[in-house]
Amino acid sequence: MTNQVTLTIDGKQVTVPAGIGVVDAAKMVGIDIPVFCHHPKLEPVGMCRMCLVEIGRPMRDRATGQIVMENGAPKIQFLPKLETACTNKVEEGMVVLSQSAKAKDGQRGTVEFLLTSHPLDCPVCDKGGECPLQNLTMAHGPGKSRFLFDEKLRLGKRVPLGDLIVLDQERCIQCARCIRFQDEIAGDSVLGFDDRSRSTRIITFSDPGFDSVFSGNTSDICPVGALTTRDFRFEARPWELESAASICTQCPVGCNITLNTRREARASGDFVVKRVMPRQNEEVNEIWICDKGRFAHHYTDSKKRLTQPLVRSSKVEKSVHTSWDAATQLAADKFLAAKENFVILASGRLANEDLFNLKSLADRAGGQAYLYSRMGGGEFTTQVGVGAGTNFANMGAGTTIIVAASDLYQEAPIWYLRVKQAADRGATLIVLNARETKLDRYASFVVRYAYGDEVKSVNDLAKSEKIGEAFTKAENAAILFGSDGLGLDGTSNLAAACAKLLQDTGHVGKPNNGLIGVWERANDQGAWEMGFQVAEDLAEILRGKSVYMVGADPVGDDPALATALEGAAFVAVQDVMETATTEIADVVLPAQAFTEREGTLTSGERRVQRFYSAVPPTGESEADFAITARLASHMDIKLEGKSVSAAFENLAEAVKSFEGLSYAKISEVKPQWPIVGRGDMYYGGTTYENTMGLGAHLTAAAQGGETVRIPQVQTETAPRPKANELLAVPVNKLYDRGTTVMMSANLLRERIGSPSVVLHPESAKNLGVEGGQLVNISFDGVSGDVAVKLDDTISVGVVLVPREMGLAIHEPVPAQVRSLVKVE
Amino acid sequence: MSYIVLRHRDIPDLNKLDVYQKNGGFAAFQNAVTKMKPNEVTDVVKNSGLRGRGGAGFPTGMKWSFIDNKNWPHYVVANADESEPGTFKDREIMEGNPFQFLEGLALASYAVSANVAYVYLRGEFWQLANSLDRQIAEMEKAGILGDKLFGGDYSLRIYTHLGAGAYICGEETALLESLEGKRGQPRVRPPFPPAVGLFGKPTIINNVETFANIPMILANGADWYKAIGTADSAGVKVFSLSGRVRKPGNYELPFGTTFRELIYTHGGGVQDSRAVKAIMPAGASSSLIVVNDEKVLDTPMDYATVRTLGGDLGSASVIILDDSVSMDWLVNKTVHFFRHESCGKCTPCREGTYWMSNIIERIHHGQGTTGDVDLLLNVAKQIQGKCLCALGEFSTMAVVTGIERFPQDFKNAVSPAPLPPLYVKKNEGMEKV
């Protein structure tokens, strides 16, 4: 129990936790003290002077130290000057006057000062309508300016800080919220002030500019229209926007988002998504989202969307439009005929309801259902996955977090933030990786292993004196494992080793303990929960089969799989967009994007969360679960295809870990701190309040007391390259050339970059290449010419190959690399 | 009486280590380190009545006793940022009598058990930094600085650090930020540096002149020092005299010396024998003291008495203004200085100094109205009491006292009847100024 302090704010007696600032205390009891620079997630700085109030404290006798009494109550002594309510912490017996004539005069003065240099271009400002400066001016400012209009400073109206954020120097009020967010929250200190006095301005000192994957958040907490995103700049007025609650589908974090939509002529008057905003969920993403989640949504209304069912009579002909009934009937007939040769390949982008219908279809038709993923280990996360009630925000001193084989900054940025903050709060962070990652900066211990030794290094952890103790003796311990430098086998083995470590040390079956998979896709965890497995040799499995491919693009991803599919008996592809796989499909079934339908997703933290439809469906597309049900009906299998909540009920009945969950339960909300929302934008920023559900955790098998049998695993997994070879190692890149990202390439082009591999300078020297020059790399039937980037923090003898950047790499593999530099 | 702080005026070549040592130099430091407990040094300084010479006049010994002894290490920082217009005493001390200053810094470090001390110099003092570096190296060679001094356990290193030319870095918390390699902007106080200072550790910051007094206090005793000056303000002060006087310069005089003595006996009187119109006792940050009565000149200069005239003695950089000076000219000068030097961190100072400079510019160039004078006064008062540090406050001192105490100067500067508003766009609904 924290200490409580009782004070009086504007005549109201309030009891709040000790150590908090007066502004926050007032907010807790519904009193709004105006602020610009203060933000509840940032350290107070007292810069803007908007929260000036009168503060009185009980007077103490100088000699005795006793509180002086007057008429039976402590005598309150006020300082002659106004004080900032943000920097002053609450004290017992304090008296705060935020509405006195003196305080209001101070606040009015600050607004007037701020407006002297402000352009007042609200009519053309993106922030107009949701602008703290606008709102606080109306509430606290003078009605007229005494500053001469012609003396206003003329500054840069369009200063790009990076390729995503544009600064308007005239609108900026120098509150430093953006700088402090980058320093304190993101840990990417790339912004700062330049010059001084009235010439003070925000600059970026990174190259490329504003080099952070969290940059969009600064525009949310900017209290004026100074920071706008390239995505939303001049796109719409805030009051024209409708909003729909949703969940980001870009990674397994499951950030709560709000989709802002507006009717547009280009959509024939229909609603389109205008911007993606964070929606508060303090247990998941707080009030932040990463730039990929914010900007890579454009694929949902791209021209490459599939709009109608297609069918193709022979391999050489083009697909033609057909009816839903005809298309699904045809596929159903093929699948019925295939019997045990019926294979479903589903991706983790699908909702729980979709996956459940697919699994049910496979089970009942006697086929097989596989998860299309290059990561294994899900059988462990379902059993010793983090326990219900897990919340990174509660991890601090006493908690140990291991991040194994994952570059969290690139794979799951918001988890990176959450883990960093847990470390800031005193949690012990152990980073295990073969190479340096950004998270190393916050680690108490960094363990480096050679590629292939990841399992060994996990097994050895407990033996190491200091690190072992930090883990085994921790009150709570969680492990996040990823696929940095690892393929399917590697991740499966690593997950097993991590699961064993957790189980052996008793860190399972309770909140803030257990295993988290840093999966490729948003709902891989959901698929694992429903019993989907990953195929060891997918090419072998696909050959000769009748395949129902949902949300997966194996042809585009891997030449080996493309070849395998050429030999398939029948291929039905159900997807959102045209892909290389839809090109070869016998039947194409157009699915709705997550923006167009309802459903639920299971995050890597095993939280089931609900997303809602924001825009009407594209063309004739239908929701995945409905298409599957339609197809199944032709096979005389009855699946829920109309009501998504009924489909979820079926799931909750059938799958043990979903037991007890319902749409009603996951739609519950409770008050969250800090208070955010439309009326509180001056305080928390333009982040949306969560009114549509905080989601609910699945229960791990270990929580029911089950002990997990963990098989012995190989301790060495990576192949050893020959003398003339390098070990090609897959790494993950946030902005890759994946389909969803490429559709937002206008915005993200610079961040995506061109295909490249990373070499140690010494390896490059041996090959006779320099940074930026071209090499040919070939491995495992894949060959490509790519540019070289140099990084002296990686090992000599390896070449890092980013996934989804033009070279199909799945696991560590020996590679031939040769220079393409012409010798004169 | 011989000099206490400006002893180099009595003793030639005092900026040479051997000369300084021959004249008793570092005896006080050696004596303190070998024979006194740290808190005994603090007690002597406390009893001497020495007050900080940087401007605020805070009792030095008391400041030292505030150091947080639960948090280590401790640091001592010499504020050699000397940036107040009209102040030039620290420079002379560091040029002429550097070892006495460094000995004072060493004594202070010993008193608070700091093993590292810094001298933060304004960027323009780079030559001084070079010579101090040489002198510090000489001291290390002579065994006066370094590890395990005088056969005991106490170690001390002194480093110099150059600022980049910002007035605000004379403010102690901005100085600390700058010293840490950050942007020189003031921190929110409290906590004060003796609790949370350099690199988050307890830190004592004093002015160069303050440190320069300390060896003599330790050598001659608290009572000797206390006997000089007045009951309110003990000891001597180096007054930097400038403005319309015949002999501007530094004058080391006991507190309680009258303005008249400073101006006429030492400063050679006012140029062209004109009458003193106003005095700025603390540089550009001063309130303007009206000299409408000869008695004002007979006021003894100590912290308490100067306050009765409606001003602060501050760093005692006394600027003399004669009757040829119109106060709108003066205010234009000071406001432009503060506009240029505002660090930009807090709103009232950043925006207010800019606004004030626009208004005074109009007034001074004859384009102002009586309404502008009222507006200027009002804006200045709107700044007062709202800022993060004292800079914003300082920017208003000359403005408010100038307008209130010399109203005629401003009346003369503006046209009696409101001029057509030159700068105002005649937008519908916009009020004319």
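One can find the structure itself at the top, above this paragraph.
Each value, and the rule that gives it
Residues numbered from 1 in each chain as written. Chains lettered and ligands numbered in written order. Predicted model: local features only at pLDDT ≥ 70, side-chain atom pairs only at ≥ 80, totals over all residues. Heavy atoms only, no water. Helix = DSSP H or I, 4+ residues; strand = E, 2+ residues; numbered from the N terminus. Rg over C-alpha atoms; globule rule 2.2 N^0.38 Å. Buried < 20%, exposed > 50% of the residue type's maximum accessible area, 1.4 Å probe, protein only. Contact = heavy atoms within 4.5 Å. Areas by Shrake-Rupley, 256 points an atom, 1.4 Å probe, with all protein chains shown as cover. Axes fitted to C-alpha atoms, helices over the stretch in contact; angles between N-to-C directions. Parallel < 35°, antiparallel > 145°, perpendicular 65-115°, else oblique. Nonpolar A, V, L, I, M, F, W, Y, C, P; charged D, E, K, R; others polar. Pairing = 2+ DSSP bridges. Phe/Tyr/Trp six-rings, centres within 6.5 Å; stacked < 30°, edge-to-face > 60°. Lys NZ or Arg CZ within 6 Å of the ring centre and 35° of its normal. Buried area = accessible area lost by both parts, 1.4 Å probe. Salt bridge = Lys/Arg side-chain N within 4 Å of Asp/Glu carboxyl O. 1 Å grid on protein atoms, 1.4 Å probe; cavity = no way out; pocket = protein on both sides within 12 Å on 5 of 7 lines; lining within 4 Å. Points joined across faces, edges and corners; volume = space filled by probe spheres on them. Expected span 1.5 Å × (residues − 1). Polar contact = N/O pair within 3.5 Å; in protein donor to acceptor, adjacent residues only side chain to side chain.

## So, the overall build of chain B
Part 1 of the argument: Counting its secondary structure elements, chain B contains 18 helices and nine strands.
Part 2 of the argument: Over its C-alpha atoms chain B spans a radius of gyration of 23 Å, differing by no more than 12% from the 22 Å that the globule rule assigns to 433 residues.
Part 3 of the argument: Here the C-alpha coordinates of chain B stretch approximately 80 × 45 × 35 Å along the principal axes.
Part 4 of the argument: Of all 433 residues assigned to chain B, the portion counted as buried reaches 59%.
Part 5 of the argument: Counting contacts in chain B only where the partners sit at least 6 residues apart, residues at least 24 apart contribute 69% of the total.
Part 6 of the argument: About 16600 Å² of surface is accessible on chain B, with carbon and sulfur atoms providing 52% of the total.

## Here we look at the overall build of chain A
Part 1 of the argument: Of regular secondary structure, chain A possesses 26 helices and 38 strands.
Part 2 of the argument: On C-alpha atoms alone, chain A measures out to a radius of gyration of 29 Å, which is about the 28 Å that the 2.2 N^0.38 rule sets for 824 residues.
Part 3 of the argument: Dimensions of chain A, computed from the C-alpha atoms along their principal axes, are close to 90 × 70 × 65 Å.
Part 4 of the argument: Counting over 824 residues, chain A shows a buried share of 63%.

## Examining the packing of helix 6 (residues 98-111) of chain B against helix 9 (residues 208-220) of chain B
Residues and elements named next belong to chain B.
Part 1 of the argument: Where helix 6 contacts helix 9, the two axes come as close as 7 Å, and the packing angle between them is 80 degrees. It follows that helix 6 is roughly perpendicular to helix 9 by the angle criterion. Between helix 6 and helix 9, the contacting residues are Gln100, Phe101, Glu103, Gly104, Leu105, Leu107 and Ala108 on the first element and Val208, Phe211, Ala212, Ile214, Pro215, Met216 and Leu218 on the second.
Part 2 of the argument: Considering only residue class, the contact of helix 6 with helix 9 consists of eleven nonpolar, two polar and one charged.

## Overview of the pairing of strand 19 (residues 342-347) of chain A
All names here are of chain A.
Part 1 of the argument: With six of six residues buried, strand 19 lies mostly within the body of the structure.
Part 2 of the argument: Residues Phe342, Ile344 and Ala346 line one face of strand 19 and the alternating positions Val343, Leu345 and Ser347 line the opposite face, and both faces are buried.
Part 3 of the argument: Pairing of strand 19 with strand 27 (residues 546-550) involves five bridges; the strand directions are parallel. Counted as the bridge partner of Leu345 is Met549 from strand 27.

## Notes on the side chain of Glu605 of chain A
Part 1 of the argument: Mapped onto the fold, Glu605 of chain A is located in the loop between strand 30 (599-602) and strand 31 (607-611).
Part 2 of the argument: Contacts of Glu605 of chain A, omitting those with residues within four sequence positions, involve Glu283, Val386, Thr390, Phe392, Trp415, Ile516 and His697 of chain A.

## Let's talk about the sheet that holds strand 26 (residues 533-534) of chain A
Residue and element names in this part refer to chain A.
Part 1 of the argument: In spatial order, the strands read 18-17-29-28-27-19-20-26; together these eight strands make up an open sheet with mixed pairing. Edge positions in the sheet fall to strand 18 (320-321) and strand 26, since each has one partner strand and no second.
Part 2 of the argument: In the sheet, strand 17 (residues 310-311) pairs with strand 18 via two bridges, with the strands oriented antiparallel. Counted as the bridge partner of Val311 is Val320 from strand 18.
Part 3 of the argument: Sheet contacts for helix 20 (residues 624-633): strand 27, strand 28 (570-575) and strand 29 (587-590); angle to strand 27, the most-contacted strand, approximately 155 degrees.

## Quick word on the packing of aromatic side chains
Part 1 of the argument: Summed over the entire model, instances satisfying the criterion amount to 32 aromatic pairs over all chains.
Part 2 of the argument: Ring centres 5.3 Å apart and planes at 45 degrees place the aromatic pair Phe255 of chain B and Tyr303 of chain B in the tilted group. Of the two residues, Phe255 of chain B is situated in the loop between strand 6 (249-254) and helix 11 (259-266) and Tyr303 of chain B in helix 13 (residues 303-307); the sequence distance between them amounts to 48 residues.
Part 3 of the argument: Sitting over the face of the ring of Tyr409 of chain A, Lys438 of chain A holds its NZ or CZ atom 3.7 Å from the ring centroid.
Part 4 of the argument: In this arrangement the basic side chain of Arg122 of chain B is found over the ring face of Phe125 of chain B, its NZ or CZ atom lying 5.8 Å from the centre.

## A word on the interface of chain B and chain A
Part 1 of the argument: Counting residues at the interface gives 37 residues for chain B, matched by 36 residues for chain A.
Part 2 of the argument: Note on chain B versus chain A: buried area summed over both sides is about 3200 Å², and carbon and sulfur give 56% of it.
Part 3 of the argument: Run the count over chain B and chain A and you get three salt bridges.
Part 4 of the argument: Two residues, Glu351 of chain B and Arg198 of chain A, come together in a salt bridge whose shortest N-O distance is 3.1 Å.
Part 5 of the argument: Counting only elements with at least two residues in the side of chain B that touches chain A, the list comes to helix 14 (327-341), helix 15 (347-364) and helix 16 (370-383) of chain B.
Part 6 of the argument: The biggest single contributor to the side of chain B that touches chain A is helix 15 of chain B, with nine residues.
Part 7 of the argument: The class makeup of the residues in the side of chain B that touches chain A is 16 nonpolar, ten polar and eleven charged.

## Considering the sheet that holds strand 31 of chain A
All names here are of chain A.
Part 1 of the argument: In space, the three strands of this open sheet follow the order 30-31-32, with antiparallel pairing throughout. What marks the edges here is a single partner per strand, and that holds for strand 30 and strand 32 (696-697).
Part 2 of the argument: Alignment of strand 31 against strand 32, held across two bridges, turns out to be antiparallel. Paired with Arg607 across the bridge in strand 32 is His697.
Part 3 of the argument: In the packing of helix 8 (residues 352-365) onto the sheet, the strands contacted are strand 30 and strand 31, and the crossing angle to strand 30 comes to about 85 degrees.

## Digging into empty space enclosed by the protein
Leftover empty space is mapped by rolling, across the atoms, a probe with the size of a water molecule.
Residues and elements named next belong to chain A.
Part 1 of the argument: The full count for this structure, using the stated rule, is seven cavities of 30 Å³ or more.
Part 2 of the argument: Each pocket or cavity is described by its volume, and for the largest cavity that value is around 200 Å³.
Part 3 of the argument: Lining the largest cavity we find 16 residues, and of these Ser219, Thr228, Thr229, Phe232 and Arg275 sit closest to its centre.
Part 4 of the argument: Those elements that provide at least two residues to the lining of the largest cavity are helix 5 (216-221), strand 13 (227-229), strand 16 (270-278) and helix 6 (291-295).
Part 5 of the argument: Of the residues that constitute the lining of the largest cavity, the class distribution is five nonpolar, four polar and seven charged.

## Things to note about helix 16 of chain B
Every α-helical turn comprises 3.6 residues, leaving residues that sit three or four positions apart pointing alike.
Part 1 of the argument: In this model helix 16 of chain B runs 20 Å from its N-terminal to its C-terminal C-alpha over 14 residues, within 8% of the 20 Å that 1.5 Å per residue would give.
Part 2 of the argument: Along helix 16 of chain B, the positions that sit buried rather than exposed are Asp372, Val373, Leu375, Leu376, Leu377, Val379, Ala380, Gln382 and Ile383 of chain B.
Part 3 of the argument: In this structure, the buried side of helix 16 of chain B is in contact with helix 2 (101-116) of chain A together with helix 15, helix 17 (390-405) and helix 18 (407-413) of chain B.
Part 4 of the argument: The opening residue of helix 16 of chain B is Thr369 of chain B, an N-cap whose side-chain oxygen sits 3.1 Å from the backbone nitrogen of Gly371 of chain B.
Part 5 of the argument: The positive-phi residue at the C-terminal boundary of helix 16 of chain B is Gly385 of chain B, with phi of around 80 degrees.

## Some details on unusual backbone geometry
Residue and element names in this part refer to chain A.
Part 1 of the argument: The peptide bond linking Asp207 to Pro208 adopts the cis configuration, its omega dihedral lying at 5 degrees.
Part 2 of the argument: Tracing the chain through its elements places Pro208 in the loop between strand 12 (201-204) and helix 5.
Part 3 of the argument: The omega torsion of the bond from Trp673 to Pro674 falls at 0 degrees, within 30 degrees of zero and hence cis.
Part 4 of the argument: Along the chain, Pro674 turns up in the loop between helix 22 (663-666) and helix 23 (681-684).
Part 5 of the argument: The phi angle at Ala405 is positive, at roughly 50 degrees, despite the residue not being glycine.
Part 6 of the argument: For Ala405, the location among the structural elements is in the loop between strand 21 (399-404) and helix 10 (408-411).
Part 7 of the argument: Look at Ala405 and you get buried, because its relative accessible area is 0%.

Interpretation in functional terms is not warranted from these geometric data alone.
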